[in-house]
Amino acid sequence: MPAQIIDGKRIAQQIRSGLAQKILEMLAQGKTRPGLAVVLVGDNPASKLYVSMKQKACKEVGIYSEEHRLPAEVTQDQLLALIDELNGDPKIHGILVQLPLPAHLDEEEVIMRIHPDKDVDGFNPVNVGKMCIGSRAYLPCTPAGIMKLIDTINYDPAGKKAVVIGRSNIVGKPIAQLLLQRDATVTICHSKTKDLVAECRQADILVAAVGQPEMVKGDWVKPGAVVIDVGINRRDGKTVGDVEFDSVNEVAGWITPVPGGVGPMTIAMLLTNTVVAADK
Ligand code: NAD
């Protein structure tokens, strides 16, 4: 029997509708309209696409958004000066710097400069630390979106074996933390893992965040597992995930499609964090 599809597009749409309603209520109570500033450096086509999708989504729910486009050759000081300005701007409740930045810029310093209260991406070490100790924080958007998907199917991670493939700061490490906080037994796999397939076969929850098109095959998956495909890869003019959908679909209990799974949830969580920041 094929797996049940976890329809991230539909779930994200429900979240967006709820946020639009929430913003109307906030405005009726005399609160300010939530505002997001998006900073884009250079002209990486994928980054430009992500920024335009985020802005469109803001508009749809009623979040004020402004885009700051800087040339690829901008200096670190110029970029930090813009962040300082946005940190002090009362119209702006969330600041997002689209990554990756050009190689001459110090990404870590830029992220650290964003005020933790406006860090709606959840990448500032203050928020990362709070997340790790289970304290209130802006959760990074993709991992937060994955947890929402798991909750939507009423799947309790407690006591389950979770395997995360990938250890990036934006997906792999934080999703492992969030699963751990929900009492899963978590293994993080990466490019140096000895027997990746054997690890994956034990997973009740398998999260693939690798960036390798269709790497995870059906015979890597435990029957009935929840498979979350974070990957966004281009292959033969199509967008594919890190999971080979057709073979895994035959074995898994639940699966997220690409596109239409994790991707829309990432944006929905960014919008959620911005509304929470404004409502504080
Ligand atoms: P990354 O390149 O920073 O990290 C990839 C990780 O995979 C690394 O930790 C590496 O050790 C591991 N890895 C690489 N090859 C491996 C192998 N053969 N076996 C085991 N592990 C291996 O990537 P990232 O930023 O975490 O993104 C991962 C994927 O998720 C990409 O396709 C990216 O486009 C996508 N992504 C999607 C969303 C979304 O909203 N859907 C958000 C962020 C990233």
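Scroll up to find the structure this text is about.
None of the values given here were measured: they were computed from a predicted structure.

Asks: Would you take a moment to explain the site of the ligand for this structure?
Replies: Within the structure, the ligand sits among 22 residues, and Arg 167, Ser 168, Val 230, Ile 232 and Thr 266 are positioned closest to it. Note that an oxygen atom of the ligand is positioned 2.8 Å from one of the backbone N or O atoms of Arg 167. In the model, an oxygen atom of the ligand is placed 2.5 Å from a nitrogen or oxygen of the Ser 168 side chain. For the ligand, whose accessible area on its own is 850 Å², the fraction buried by protein is 71%. With 3 residues, the single largest contributor to the shell around the ligand is helix α10 (residues 262–279). Residues belonging to the shell around the ligand are distributed by class as follows: 10 nonpolar, 11 polar and 1 charged.

Asks: How do you make sense of the pairing of strand β7 (residues 205–208) when you look at a structure like this?
Replies: Successive side chains on a regular strand alternate, one facing one side of the sheet and the next facing the other. The alternating pattern of β7 places Ile 205 and Val 207 on one face and Leu 206 and Ala 208 on the opposite face, and all of these are buried. The sheet contact formed by strand β5 (residues 161–165) and β7 spans 4 bridges and is parallel. Paired with Val 164 across the strands is Val 207, a residue of β7. The sheet contact formed by β7 and strand β8 (residues 226–229) spans 4 bridges and is parallel. Bridge pairing links Ala 208 to Asp 229 in β8.

Asks: Honestly, the nonpolar core in this entry has me stumped. Any pointers?
Replies: In this structure, Leu 179, Val 207 and Ile 228 are the most contacted members of the largest nonpolar core, which totals 52 residues. With 10 residues, α10 is the single largest residue contributor to this core. The residues that make up this core include at least three from each of domain 1 (30–116) and domain 2 (140–263). What Ile 228 contacts, discounting residues up to four positions off in sequence, is Ile 6, Ile 146, Ile 150, Leu 206, Val 207, Ala 208, Thr 256 and Val 262. Core analysis: the next-biggest nonpolar cluster, separate from the first, contains 18 residues, Ile 165, Cys 189, Val 227 and Ile 255 among them.

Asks: How should I be thinking about helix α7 (residues 172–181) in this particular structure?
Replies: Quick reminder: α-helices carry 3.6 residues per turn. Residues three or four places apart thus point the same way. Looking at α7, one finds that the buried residues are Gly 172, Pro 174, Ile 175, Ala 176, Leu 178 and Leu 179. Contact partners of the buried residues in α7: α5 (125–132), α6 (141–152), β5, β6 (185–189) and β7.

Asks: When you look at the packing of aromatic side chains in this model, what are you seeing that I'm missing?
Replies: What characterises a pair of aromatic rings is the spacing of the ring centres plus the angle enclosed by the ring planes. This model, assessed by the stated rule, comprises 1 aromatic pair. Aromatic pair Tyr 155 and Trp 254: ring centres 5.7 Å apart, planes at 75°, arrangement edge-to-face. With Tyr 155 in the loop between α6 and β5 and Trp 254 in strand β11 (residues 254–255), the pair connects residues that are 99 residues apart, well separated along the chain. One cation-aromatic arrangement involves Lys 160 over Tyr 155; the distance from NZ or CZ to the ring centre is 5.0 Å.

Asks: How should the packing of helix α1 (residues 8–28) against helix α2 (residues 45–61) be read in this particular structure?
Replies: How two helices pack is summed up by the angle between their axes together with the distance between the axes. One way to put it is that α1 packs onto α2 with a least axis distance of 8 Å and a crossing angle of 50°. Judged on the interaxial angle alone, α2 and α1 are oblique. Contacts between α1 and α2 pair Gln 13, Arg 16, Ala 20 and Ile 23 from the former with Ala 57, Glu 60 and Val 61 from the latter. The class makeup of the residues in the contact of α1 with α2 is 4 nonpolar, 1 polar and 2 charged.

Asks: I'm lost on unusual backbone geometry in this one. Help?
Replies: Most of the time, phi is negative for any residue but glycine, and the peptide bond is trans. The omega torsion across Leu 99 and Pro 100 is 0°, close enough to zero to call that bond cis. Inspection of the secondary structure puts Pro 100 in the loop between β4 (94–97) and α4 (107–113). In this structure, Asn 154 takes a positive phi of about 60° despite not being glycine. Take Asn 154: it is sitting in the loop between α6 and β5. Residue classification places Asn 154 among the exposed residues on the basis of a relative accessible area of 72%. Backbone geometry places Asp 183, a non-glycine residue, at a positive phi of 70°.

Asks: Even after reading the chapter, I still don't get the environment of Gly 145, so can you show me in this structure?
Replies: Mapped onto the secondary structure, Gly 145 falls in helix α6. With 73 residues separating them along the chain, Gly 145 and Ala 72 place their C-alpha atoms 30 Å apart. Setting aside residues up to four positions removed in sequence, Gly 145 forms contacts with Met 265 and Met 269.

Asks: Can you walk me through a negative patch on the surface in this structure?
Replies: On the surface, Asp 77, Asp 106, Glu 108 and Glu 109 cluster together to form a negatively charged patch. Mapped onto the secondary structure, Asp 77 falls in helix α3 (residues 76–87).

Asks: I keep staring at α6 and nothing clicks. Help me out?
Replies: Between the first and last C-alpha of α6 there are 16 Å, a value that for 12 residues agrees with the 16 Å anticipated at 1.5 Å per step. When we look at burial in α6, the residues that qualify are Cys 141, Thr 142, Pro 143, Ala 144, Gly 145, Ile 146, Met 147, Leu 149 and Ile 150. Contacts made by the buried residues of α6 are with α1, α7, β7, β8 and α10. Residue Asn 154 follows α6 closely and has a positive phi angle near 60°.

Conventions adopted
- Residues numbered from 1 in each chain as written.
- Predicted model: local features only at pLDDT ≥ 70, side-chain atom pairs only at ≥ 80, totals over all residues.
- Heavy atoms only, no water.
- Near = heavy atom within 4 Å.
- Polar contact = N/O pair within 3.5 Å; in protein donor to acceptor, adjacent residues only side chain to side chain.
- Areas by Shrake-Rupley, 256 points an atom, 1.4 Å probe, with all protein chains shown as cover.
- Helix = DSSP H or I, 4+ residues; strand = E, 2+ residues; numbered from the N terminus.
- Nonpolar A, V, L, I, M, F, W, Y, C, P; charged D, E, K, R; others polar.
- Buried < 20%, exposed > 50% of the residue type's maximum accessible area, 1.4 Å probe, protein only.
- Pairing = 2+ DSSP bridges.
- Core = buried A, V, L, I, M, F, W, Y, C linked by side-chain atoms within 4.5 Å.
- Domains from an automatic or database assignment.
- Contact = heavy atoms within 4.5 Å.
- Phe/Tyr/Trp six-rings, centres within 6.5 Å; stacked < 30°, edge-to-face > 60°.
- Lys NZ or Arg CZ within 6 Å of the ring centre and 35° of its normal.
- Axes fitted to C-alpha atoms, helices over the stretch in contact; angles between N-to-C directions.
- Parallel < 35°, antiparallel > 145°, perpendicular 65-115°, else oblique.
- Patch = residues over 30% accessible without salt bridge, like charges linked within 9 Å, V, L, I, M, F, W, Y side chains within 5 Å.
- Salt bridge = Lys/Arg side-chain N within 4 Å of Asp/Glu carboxyl O.
- Lys, Arg positive; Asp, Glu negative; His and termini not counted.
- Charge placed at Lys NZ, Arg CZ, Asp CG, Glu CD.
- Expected span 1.5 Å × (residues − 1).

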